[in-house]
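Take a look at the letters that make up each chain.
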Amino acid sequence: MAKLYFHYATMNAGKTTMLLQASYNYRERGMSTMLFVAGHYRKGDSGLISSRIGLESEAEMFRDGDDLFARVAEHHEHTSVHCVFVDEAQFLEEEQVWQLARIADRLNIPVMCYGLRTDFQGNLFSGSRALLAIADDLREVRTICRCGRKATMVVRLGSDGKVAKQGQQVAIGKDVYVSLCRRHWEEEMGRSAPDDFSVLSAPEV
């Protein structure tokens, strides 16, 4: 039976590269894939999934209110879809996550979602919350903090290079995101003083 998968991580962990590689593997074997990417901050109707290492692929965009089950079902009627891939899955609405689950359950097509778990304030995104609740398979994509520990959080740096402690959950512009372990995230967010901790122990990844 097909499943709904959620691959989650912090920024710059290689999620998009994994997505594009997995889609390529399907297509290399003569199978058809359908790719979606968030269109919340993109203009026009054509989407593009691109990774930091230069891989890219055209994709359909999804926005709030879109019925993803209907779109995949319609496409599947004309051209068999063997797997659905969703990048930036944290931007999905809760109902859209259920639609993806129905694609797996009723159309028997695997759905692979890739996205962030939490925002820069440590709060779950709506799509991530729903995926963590109902996905059949949860897979963490790991990256490391500057100290060598596993990074589980992210901070947002504004155009002035300072850590943002308030603001909208999604900000598109010159902001930069940095992945950190929980300890250093708390320090950067001003939730705990650096000298409250003992000397760093060996990295735990």
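Note: the structure precedes this text.
Residues numbered from 1 in each chain as written. Predicted model: local features only at pLDDT ≥ 70, side-chain atom pairs only at ≥ 80, totals over all residues. Heavy atoms only, no water.

1. Concerning the overall build of the chain
Within the chain, the regular secondary structure consists of five helices and 10 strands. Within the span of the chain, comprising 205 residues, buried residues form 45% of the whole. Partitioning the contacts of the chain with sequence separation of at least 6, the portion at a separation of at least 24 is 72%. When the accessible surface of the chain is totalled, it reaches about 11000 Å², and 46% of it is carbon and sulfur. (Helix = DSSP H or I, 4+ residues; strand = E, 2+ residues; numbered from the N terminus. Buried < 20%, exposed > 50% of the residue type's maximum accessible area, 1.4 Å probe, protein only. Contact = heavy atoms within 4.5 Å. Areas by Shrake-Rupley, 256 points an atom, 1.4 Å probe, with all protein chains shown as cover.)

2. Quick word on the nonpolar core
Looking at soluble globular proteins, one finds that nonpolar side chains tend to be buried together. One finds Leu4, Val84, Val86, Leu92, Leu100 and Cys113 to be the most contacted residues of the largest nonpolar core, which totals 27 residues. Those elements that place two or more of their residues in this core are strand 1 (4-9), strand 2 (33-38), helix 2 (68-78), strand 5 (83-87), helix 3 (94-106), strand 6 (111-116) and helix 4 (126-134). Top contributing element to this core by residue count: helix 3, with four residues. In this structure leucine 92 touches Phe62, Leu68, Val86, Val97, Leu100, Ser126, Gly127 and Leu131, once residues within four positions along its chain are discounted. In this structure, Leu20, Ile49, Cys83 and Met112 belong to the second largest nonpolar core, which totals 13 residues. (Core = buried A, V, L, I, M, F, W, Y, C linked by side-chain atoms within 4.5 Å.)

3. Here we look at empty space enclosed by the protein
In this structure the tally under the stated criterion is one cavity of 30 Å³ or more. Quantified by volume, the largest cavity comes out at close to 60 Å³. In terms of lining, the largest cavity is formed by Tyr8, Ala9, Thr10, Arg117, Glu140, Val141, Ala151 and Thr152. By residue class, the composition of the lining of the largest cavity is four nonpolar, two polar and two charged. (1 Å grid on protein atoms, 1.4 Å probe; cavity = no way out; pocket = protein on both sides within 12 Å on 5 of 7 lines; lining within 4 Å. Points joined across faces, edges and corners; volume = space filled by probe spheres on them. Nonpolar A, V, L, I, M, F, W, Y, C, P; charged D, E, K, R; others polar.)

4. Examining the pattern of salt bridges
Per the counting criterion, the structure on display carries nine salt bridges. Among the ionic pairs, glutamate 140 bridges to lysine 150, the shortest N-O distance being 3.3 Å. Of this pair, glutamate 140 sits in strand 7 (residues 137-140) while lysine 150 sits in the loop between strand 7 and strand 8 (153-157), and the two are 10 residues apart along the sequence. The class of lysine 150 is partly exposed, set by a relative accessible area of 23%. Across the pair glutamate 187 and arginine 183 runs a salt bridge, and its minimum N-O distance is 3.2 Å. Here glutamate 187 and its partner arginine 183 are both found in helix 5 (residues 182-188), four residues apart, which amounts to about one turn of the helix. (Salt bridge = Lys/Arg side-chain N within 4 Å of Asp/Glu carboxyl O.)

Nothing here speaks to function; it is geometry throughout.
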